[in-house]
Each structure stands twice: as C-alpha cells, then as structure tokens.
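# Reading the structure
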Amino acid sequence: MTLDLFADQPLEKRIEPICEGAVILRGAAAEEAPELIETIRENFAVSPPRQMKTPGGHTMSVAMSCCGEYGWVTDEKGYRYQAEDPVTGRPWPSMPARFSKLATEIASQAGFPDFVPDACLINRYEPGSKMGLHQDKDEVDFSQPIVSVSLGLPQVFQFGGTTRSERPVKIPLQHGDVVVWGGASRLRYHGVLTLKAGNHPMTGACRYNLTFRRAR
Ligand code: MD3
Ligand code: FE
C-alpha cells in the first residue's frame, strides 16, 4: 500500500531510519490530520481524557484516553491493558477504521506487513506536560511494533537505550510525523520533554499523540 501524498516519492525519501528497527515517515499523516483530530475529539466525548495516577502515587501530566479492544490504564494497582474504561465503566470506543488502516499501512511500509493494532492510546499534552523516560512493556508480544502519530504542536522526543542510564538523543516530532518502533528499538527507553506553549491551527494549545499497539 502507498500513501497518496508520497506516491511519487522514492521509498528512501519517505522513510528515514532513526536506529535499528525504528523509522520515521515525516509528514505521513499530515494530509489525514483534520479527520484524525476530529475523530480524537469524538473519542474524547465518549471516553474523556484523564490524568491517571501511577502506582507510585504521582499524577501524570499527560491526559490519556484510548480506543480499540483494549486500553492502557494505570492506578495504585499498577499498569495494565483492560477492555473497560475505568471512568465510564464501559468498553473503550472501538478503533475507527481510519485509525487502524493508517497504522497497518504505515507499519507495512516500514517492514511490518501483518500489524493489526488492538489498542490505541490517545495522549493529550498541554503546555507543561511531559512524559519521563520509560519502556513500553505491558504488551505481550514485543515482535509487534508500535506506530506513533504526532498531531498539533511540536514536542521533543527523547530516545534512549535499553538501560535507563544510556543518554537519550533528542528528536523533534512535528505535526503529521509517523514513527514505527519495532525490532531492536521496541524496548528502548523513551519519553517527551515538557511541551512548550504555542498555538497550532488544528489543535490550538496542545499536542496529540496516537500510539497503535498490539496489546494481546
Ligand atoms: C519507542 N508516548 O504513549 S510517542 C507512550 O509522544 C509514549 O506521547 C510518547 O511514549 C508521546 O507510551 C512517545 C513515540 C514512541 C511510542 C512508543 C515507543 C516511541 C517508542 C515504544 C518503544 C520505543
Ligand atoms: Fe511509551
């Protein structure tokens, strides 16, 4: 499958490797961004963004919601995926076809032809929000990649090693950028620096990040 926006570009111009297993497709979701953002807002009307508590008792600065068969939650009991939204007591909104189609197409371009996400985390960053260095390891199968889509204000991503002590590199993520994290990059520490104030024509004062995962 080919994205129309890049249909006439050679592959090497569309796909920049970051490190082993990770590739960035700059602007690959830019054309679809208005629909993606509208869909995020519809999702928020059903399962509102919320600042969850970590098992250590800290409140996260990022507000999160989910869609798909499973959603990621954290509370005093720990981190996990579950089929119900703890705020509504109902299943998470189902994953919109335009979301899963985008994730599957882009994973396939990055060399993961069989990626079918069953969970999508929707992060909303406001000025002052950040996410500290962490690993994503609540999923069962680390041979499955994670696909991330950045929308709205730019934010600096930090990409570390497989130990917390390795010094991370900084990569600015812009509106429309899509990154596929698989293979050797899948368990690397990562986070985002504090979002700086700004105004984006499509999202206003915030940044959204979608991460598509195979939880089970
Ligand atoms: C590298 N989100 O939701 S997206 C997360 O900008 C998360 O909201 C950040 O880290 C954000 O867990 C970063 C990029 C990303 C996502 C998952 C990864 C990079 C990753 C998993 C493994 C390695
Ligand atoms: Fe993460």
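Residues numbered from 1 in each chain as written. Chains lettered and ligands numbered in written order. Predicted model: local features only at pLDDT ≥ 70, side-chain atom pairs only at ≥ 80, totals over all residues. Heavy atoms only, no water.

As annotated in an unreviewed UniProt entry, the protein carries the name Alkylated DNA repair protein AlkB and is attributed to Marinobacter nitratireducens.

A separate point is the nonpolar core. Membership of the largest hydrophobic core comes to 29 residues, with the highest contact counts inside it found for Ile40, Phe99, Cys120, Val149, Leu151, Leu210 and Phe212. Those elements that place two or more of their residues in this core are β2 (22–25), α2 (33–46), α3 (97–109), β6 (119–125), β8 (146–152), β11 (178–181) and β13 (207–213). With near-sequence residues (within four places) excluded, Leu210 lies in contact with Ile40, Phe99, Cys120, Leu121, Ile122, Val147, Ser148, Val149 and Leu151. Within the second largest apolar cluster, 28 residues are counted, among which are Cys66, Val73, Phe157 and Ile171. (Core = buried A, V, L, I, M, F, W, Y, C linked by side-chain atoms within 4.5 Å. Buried < 20%, exposed > 50% of the residue type's maximum accessible area, 1.4 Å probe, protein only. Helix = DSSP H or I, 4+ residues; strand = E, 2+ residues; numbered from the N terminus. Contact = heavy atoms within 4.5 Å.)

Another aspect to go through is the UniProt feature "binding site: substrate" (unreviewed entry) in the protein. UniProt annotation of "binding site: substrate" (unreviewed entry) refers to Trp72, Tyr79, Arg80, Tyr81, Asp138 and Arg164 when read in the numbering used here. Across 93 residues of sequence, these annotated residues are also dispersed in space, with a maximum C-alpha separation of 23.4 Å. In this fold, Trp72 is placed in strand β4 (residues 71–75). Using a relative accessible area of 10% as the deciding quantity, one classes Trp72 as buried. What Trp72 contacts, discounting residues up to four positions off in sequence, is Met52, Met60, Met64, Cys66, Tyr79, Arg80, Tyr81, Leu121 and Asp138. Beyond its immediate sequence surroundings of up to four residues, Tyr81 is in contact with Tyr70, Gly71, Trp72, Ala119, Leu121, Asp138, Glu139, Arg213, Ala215 and Arg216. A polar contact of 2.5 Å, which involves the side chain of Tyr81, links it to the side chain of Glu139. (UniProt positions renumbered as here; feature names shortened; annotations may be inferred. Polar contact = N/O pair within 3.5 Å; in protein donor to acceptor, adjacent residues only side chain to side chain.)

In the vicinity of ligand 1 there are 19 residues, among which Asn123, Tyr125, His190, Arg207 and Arg213 approach most closely. In the environment of ligand 1, an oxygen atom lies 3.1 Å from a nitrogen or oxygen atom belonging to the side chain of Asp136. Residue Arg207 places a side-chain N or O atom 2.9 Å away from an oxygen atom belonging to ligand 1. Expressed as a share of its isolated accessible area of 500 Å², the protein-covered part of ligand 1 is 98%. Counting residues per element, the ones that place at least two in the shell around ligand 1 are β6, β7 (131–134), β8, β9 (155–159), β12 (190–192) and β13. The element best represented in the shell around ligand 1 is β13, accounting for four residues. When the residues that make up the shell around ligand 1 are grouped by side-chain class, the tally is seven nonpolar, seven polar and five charged. (Near = heavy atom within 4 Å. Areas by Shrake-Rupley, 256 points an atom, 1.4 Å probe, with all protein chains shown as cover. Nonpolar A, V, L, I, M, F, W, Y, C, P; charged D, E, K, R; others polar.)

On the protein side, the iron ion (ligand 2) has His134 (NE2), Asp136 (OD) and His190 (NE2) as donor atoms, found 2.1 to 2.3 Å from it. Within one chain, the residues serving as donors to the iron ion (ligand 2) are arranged as H-x1-D-x53-H. Note that His134 is positioned in strand β7 and His190 in strand β12, a separation of 56 residues in sequence. (Donors = N, O, S within 2.8 Å, 3.2 Å for Na, K, Ca; no water.)

Here we come to the packing of aromatic side chains. Each pair of aromatic rings is reported with the distance of its centres and the angle of its planes. Counted under the stated rule, the structure contains six aromatic pairs. Taking the centre distance of 5.8 Å and the plane angle of 90° together, the rings of Phe99 and Phe212 count as edge-to-face. Residue Phe99 is found in helix α3, and its partner Phe212 is found in strand β13; the two are separated by 113 residues along the sequence. The residues Phe99 and Phe212 share a single accessibility class, namely buried. An aromatic cluster of at least three residues, connected via ring pairs, comprises Phe157, Phe159 and Trp181. Positioned above the aromatic ring of Phe159 is the side chain of Arg188, whose terminal nitrogen or guanidinium carbon lies 4.3 Å from the ring centre. (Phe/Tyr/Trp six-rings, centres within 6.5 Å; stacked < 30°, edge-to-face > 60°. Lys NZ or Arg CZ within 6 Å of the ring centre and 35° of its normal.)

Burial of β9 is extensive: four of the five residues sit out of reach of the surface. The sheet contact formed by β9 and strand β10 (residues 169–173) spans five bridges and is antiparallel. Across the sheet, Gln158 pairs through a bridge with Lys170, a residue of β10. Where β9 lies against β12, three bridges are found, and the strand directions are antiparallel. Bridging across to β12, Phe157 finds its partner in Val192. (Pairing = 2+ DSSP bridges.)

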